[in-house]
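Close look at the chain arrangement
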Amino acid sequence: MHKQKIHRRILDKITEKLLTLSGALTSIIIVFISVFLFTEGIGLFNTPDIEEGYALYVNSENRIDNLSPEETKQIFDAEVTSWKAFGGEDVAINVFRLDAIFNFYSENELGENYELLPEKLGEVISREKGIIAFLPNEYAPQGLQVRKLETATVTLEDYFLGTDWIPTATPAPLFGVLPLVLGTLLVSFGAMIIALPLGLGVAIYLSELAGNRERKLMKPLVELLAGIPSVVYGFFGLVIVAPLVQKAFNLPVGETALTGSIILAIMALPTIISVAEDAMRNTPLGMREASLALGATKWQTIYKVVIPYAKSGISAAIVLGIGRAIGETMAVLMVTGNAAVMPTSFFESVRTIPATIAAELGEAPAGGAHYQALFLLGAILFVFTLIISVSAELISKKRHS
Amino acid sequence: MNKKVSQNIAFFIFKFFGVLVIGILFSIIGFIGYNGIQVISWEFLTEFPKEGMTSGGIFPAIVGTFYLVVGSLIFAFPLGVMSAIYTTEYAGKGWIVRIIRIMTNNLASIPSIVFGLFGMALFVNKLNFGDSILAGSLTLGLLVLPLIIRTSEEALLAVPQSYREGSLALGATKLQTIRRIVLPAAFGNIITGLILSIGRVSGETAPILFTVAAYFLPKLPSGIFDQAMALPYHLYVLATSGTDLEASRPMAYGTALVLILIVLIMNLIASFFRKKL
């Protein structure tokens, strides 16, 4: 009997310990997620800014010491054709890739296993004053007149202030997140412009005007709107909203920032409606009655008493709605066209942070620069939403105190 | 008079907005429903996709989604309920509960694609599960955890304090009280949370993109380390990257309708459980 009691007490203790542990579960997961995103991504800033395993070589008379990824891209895209543009002599730039060696030498001259290749590459580079050669490290050219350009690593500035996101460009992939960040903000901003008046209007209707029966009917419907999977919204946007936008504004394609904003607005509505409505319904009856007793109309009472009283709750609704819009992935991926360029208007294709991750992670080799850049995008998104959710928390805290 | 007019205008606008939002909901469901119902048949639900996904059915995607729902909830449901028991029954009302609640809210606000990244880094790569049902289920489980915790908490808080006091006064221990009194009383509402989670898990695409989802598989998965097809990812594929987009449209409508029906049915069952209490 006594023994049994001890047994049970031990078992109870273990159960209680387990319960405590599971209470800490969400905190542990959050810490884990943030650690993982940063550790997987932070390596980007130790990665050389040109493709791994390759280097750039120039003739040693060239005065240029190093090139930024941006400049490298301009050279290899033939946007810049003279070294003068980068402070060198006025010599035409001659872009050289490995396979161009066959323009100078036959296969026989390079040796059986290409063992003469480094030497011959060195000869070519020594001869051409304006050359820039993009070569794999295993065939590093040998010669007196050859100079290897110092490779820098991707900098914080390249990443956060870069205006080009071209992760697959060779020789220097560009990881500028600015167009993606702005694209995300633009689409979310547009969504809020549409969803706020609509959502707050419906919240006022539900909390102040609707009868009990209407409320009971509408609330589950709004919940249902929140339950529809985002991929279904994306599909609906693709086959209905995009063609409508295209026709209405006479655009070449319907997949634009505006289309994304419309779909996101619909998706953010349930959050805005339910949080704002809760806040308004919490207005004490006494305050409303006092206002009405003073001769105010119902509408005056709403915008002079109810809305000011519910201000913090309404702000929380707005913030949470923005959070919903910023993080949404599939629907946006399907309807915004995904052009990674600096956004200039609502009628052009844009690409958001989540859509970029979803579209590109599958093709990025694990551990590579592209993979790391995408994890950092995830980290940016994570920080965005964390700030949003904490500020919503603080705003509604204020109401209670 | 003027006051009355502005009131009438304002109220008309709000009512119009209300109708508009409901109208949007019905037009989405109506559009998908109308186009989808013409595709859905017994064959559609029980056959494999055929001819480059332009005919046949979506059976493997249904099976895959079923596995993912079961897999994710097997581990998220008990953990979520335990976490809720801790915060409502043990932690009191101090700063610990506040931090836990803030963290749960934060977890709920993290975008689903971030869960996908995390799941890929941890489960697929670090723990070497590969693209598998196991990795996908764990990722989805983390995603629904906050939903389960929140609904379970509400369910437990709704149990009157007097039940607990009565049980304790009769000499029951705290755990006995929770097991025999509090949990049975909260059961219906806890199940509501579980059912809503089923709807949520079935519809999520971003977390499974890199952890489990396959474009097409010729046979059903045979174990937890296999890849699987899933309904939401299948719809994404049909809508954006099929071999012949126009020809696979009907399949897409059918898949979208099945997804909406799952959510609809889960919401109905959930509201039934909620009412019973």
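Residues numbered from 1 in each chain as written. Chains lettered and ligands numbered in written order. Predicted model: local features only at pLDDT ≥ 70, side-chain atom pairs only at ≥ 80, totals over all residues. Heavy atoms only, no water.

**Remarks on the overall build of chain A**
Note the following rule: Numbered from the N terminus, helices here are DSSP runs of H or I no shorter than four residues, and strands are runs of E no shorter than two. The size measure is the radius of gyration over C-alpha atoms, and the globule rule it meets is 2.2 Å times the number of residues to the 0.38 power. The buried label goes to any residue with under 20% of its type's maximum accessible area, the exposed label to any with over 50%, and the partly exposed label to all in between, with areas taken from a 1.4 Å probe on protein chains only. Any pair of residues with heavy atoms lying within 4.5 Å of one another is described as a contacting pair.
In terms of helices and strands, chain A carries 15 helices and six strands. A compact globule built from 401 residues would reach a C-alpha radius of gyration of about 21 Å, whereas chain A, at 30 Å, exceeds it by more than 25%. Dimensions of chain A along its principal axes, counting C-alpha atoms only, are 100 × 80 × 35 Å. Looking at chain A as a whole, 52% of its 401 residues are labelled buried. Here the contacts in chain A between residues at least 6 apart in sequence split such that 68% fall between residues at least 24 apart.

**A few points about the domain arrangement of chain A**
The following threshold applies: Domain start and end points were adopted from an automatic or database domain assignment.
Each assigned domain of chain A is listed here: domain 1 (54-152) and domain 2 (178-400). For domain 1 of chain A and domain 2 of chain A, the distance between their C-alpha centres works out to 51 Å.

**Regarding the interface of chain B and chain A**
Note the cut-off: Any Lys or Arg side-chain nitrogen found within 4 Å of a carboxyl oxygen on Asp or Glu counts as a salt bridge. Pairing of N or O atoms within 3.5 Å defines a polar contact, subject to two protein rules: one partner must be a possible hydrogen donor and the other a possible acceptor, and residues neighboring in sequence count only if both atoms are side-chain atoms.
In this complex, chain B contributes 74 residues to the contact, which on the side of chain A involves 75 residues. Remark: the boundary between chain B and chain A carries two salt bridges. The partner of K15 of chain B in a salt bridge is E214 of chain A, with the nearest N and O atoms 4.0 Å apart. On the surface where chain B and chain A come into contact, there are 10 residue pairs in polar contact (both at pLDDT 80 or more).

**Thoughts on helix α6 (residues 178-209) of chain A**
Each turn of an α-helix holds 3.6 residues, which means side chains three or four residues apart point in the same direction. All names here are of chain A. Here is the rule we go by: The length a helix should cover is 1.5 Å for every residue beyond the first. What is called the bend at a residue is the angle between a pair of axes, fitted to the seven residues leading up to and ending at it and to the seven starting from it.
Here α6 contains 32 residues, and its C-alpha end-to-end distance of 44 Å stays within 8% of the 46 Å for a straight helix at 1.5 Å per residue. Along α6, the sharpest change in direction is near 35° and occurs at A195; proline P197 comes one to four residues later. When you tally the buried positions in α6, you get 23 out of 32 residues, the bulk of the element.

**Let's talk about the pattern of salt bridges**
Pairing between side chains of opposite charge can happen when their charged atoms approach one another. Residue and element names in this part refer to chain A. This structure, assessed with the given rule, holds 14 salt bridges over all chains. The residue E61 makes a salt bridge to K129 at a minimum N-O spacing of 3.9 Å. Of this pair, E61 sits in the loop between β1 (54-59) and α3 (69-76) while K129 sits in the loop between α4 (117-127) and β3 (131-136), placing them 68 residues apart in sequence. Assessed through its relative accessible area of 42%, E61 is described here as partly exposed. Linked through salt bridges whose partners overlap, the residues forming this network are R215, K219, E277 and R281.

**Brief notes about a positive patch on the surface**
Condition: Distance thresholds for patches are 9 Å for like charges and 5 Å for nonpolar side chains (Val, Leu, Ile, Met, Phe, Trp, Tyr), applied to residues having over 30% relative accessible area and no salt bridge. Using a 1.4 Å probe, the Shrake-Rupley method yields the accessible areas, and only the shown protein chains count as cover for residues. Positive charge is attributed to Lys and Arg, negative charge to Asp and Glu, and no charge count is given to His or to the chain ends. By convention, charge coordinates are those of NZ in Lys, CZ in Arg, CG in Asp, or CD in Glu.
A contiguous patch of positive charge, built from K5, R8, R9, K13 and K17 of chain A together with R179 and R180 of chain B, is present on the exposed surface. Elements that contribute at least two residues to the positive patch include exactly α1 (2-23) of chain A together with α8 (174-203) of chain B. Considering each element in turn, the positive patch owes the most residues, five residues, to α1 of chain A. Within the secondary structure, R8 of chain A sits in helix α1.

**Some remarks on the layout of surface pockets**
Sizing a probe to match a water molecule and rolling it over the atoms shows the empty space that remains. In plain terms, the rule: Only protein atoms enter the calculation, which uses a 1 Å grid: trapped sets of points that fit a 1.4 Å probe without letting it out are cavities, open sets showing protein on both sides within 12 Å along at least five of seven lines are pockets, and any residue with an atom within 4 Å of a point is a lining residue. Grid points are joined across faces, edges and corners, and a volume is the space filled by probe spheres set on the points. Three classes are used: nonpolar for Ala, Val, Leu, Ile, Met, Phe, Trp, Tyr, Cys and Pro, charged for Asp, Glu, Lys and Arg, and polar for all others, with Gly counted as polar.
Within this model, the second largest pocket holds a volume of roughly 350 Å³. Residue lining of the second largest pocket: 18 residues in total, with A358 and G362 of chain A together with L209, F210 and Y233 of chain B positioned closest to the centre. Put simply, the parts of the chain that give the lining of the second largest pocket at least two residues each are α14 (353-360) of chain A together with α9 (231-240) of chain B. Taken together, the residues of the lining of the second largest pocket sort by class into 13 nonpolar, three polar and two charged.

**Concerning the nonpolar core**
Spelled out, the test is: Here, nonpolar core refers to any group of buried Ala, Val, Leu, Ile, Met, Phe, Trp, Tyr and Cys residues whose side-chain atoms link them within 4.5 Å.
The biggest cluster of nonpolar side chains holds 169 residues, and the ones touching the most others in it are I33, Y159, W165, Y233, F235 and L377 of chain A together with I32 of chain B. Once you skip the residues sitting within four places of it in the chain, Y233 of chain A turns out to touch L225, I228, I263, I266, M267 and A331 of chain A together with I28 of chain B. A84, I85, V159 and I178 of chain B belong to the second largest nonpolar core, which has 16 residues in total.

**Digging into unusual backbone geometry**
All names here are of chain A. With phi around 55°, N250 is a residue other than glycine that occupies positive phi space. A relative accessible area of 70% places N250 in the exposed class. Residues other than glycine seldom take positive phi values, yet N338 does so here, at roughly 60°. Counting through the fold element by element, N338 comes out in the loop between α13 (330-335) and α14.

**Structural notes on the domain arrangement of chain B**
Residue and element names in this part refer to chain B. Definition in use: What gets called buried area is simply the loss in accessible area from a 1.4 Å probe that two parts show on being joined, summed for both.
Structurally, chain B comprises domain 1 (2-37) and domain 2 (45-276). Relative to domain 2, the C-alpha centre of domain 1 lies at a distance of 31 Å. Taken together, the six residues of domain 1 in the interface contact five residues of domain 2. Between domain 1 and domain 2, the buried area comes to about 560 Å², and carbon and sulfur atoms account for 89% of it. Where domain 1 packs against domain 2, one counts zero salt bridges. Among the residues making up the side of domain 1 that touches domain 2, the classes are represented as three nonpolar, three polar and no charged.

**Some points on the pairing of β3 of chain A**
All names here are of chain A. So the rule is basically this: Between any two strands, pairing holds if DSSP finds at least two bridges. Handedness is read with the strands pointing away from the viewer; a crossover is right-handed when the path from the first strand over the helix to the second is clockwise.
Across the six residues that make up β3, a large majority, six, are buried. The pairing of β1 with β3 spans five bridges and is classified as antiparallel. Residue pairing across strands places Y57 opposite A133, the latter belonging to β3. Here four bridges tie strand β2 (residues 94-97) to β3, and the two strands are oriented parallel to one another. Bridged to N94 within β3 is I131. After leaving β2, the chain enters α4 and then returns to the sheet as β3, a path that is right-handed.

**Here's the deal with the sheet that holds β1 of chain A**
Residue and element names in this part refer to chain A. Convention followed: In this analysis, axes come from line fits to C-alpha atoms, helices being fitted only over the stretch in contact, and the angle between any two N-to-C directions falls in the range 0 to 180 degrees.
One open sheet accounts for four strands, arranged β2-β3-β1-β4; its pairing is mixed. A strand with exactly one partner marks an edge of an open sheet, and here the two such strands are β2 and β4 (146-148). Neighbour-to-neighbour, the strand axes of the sheet open up by a mean angle of 30°, direction not taken into account.

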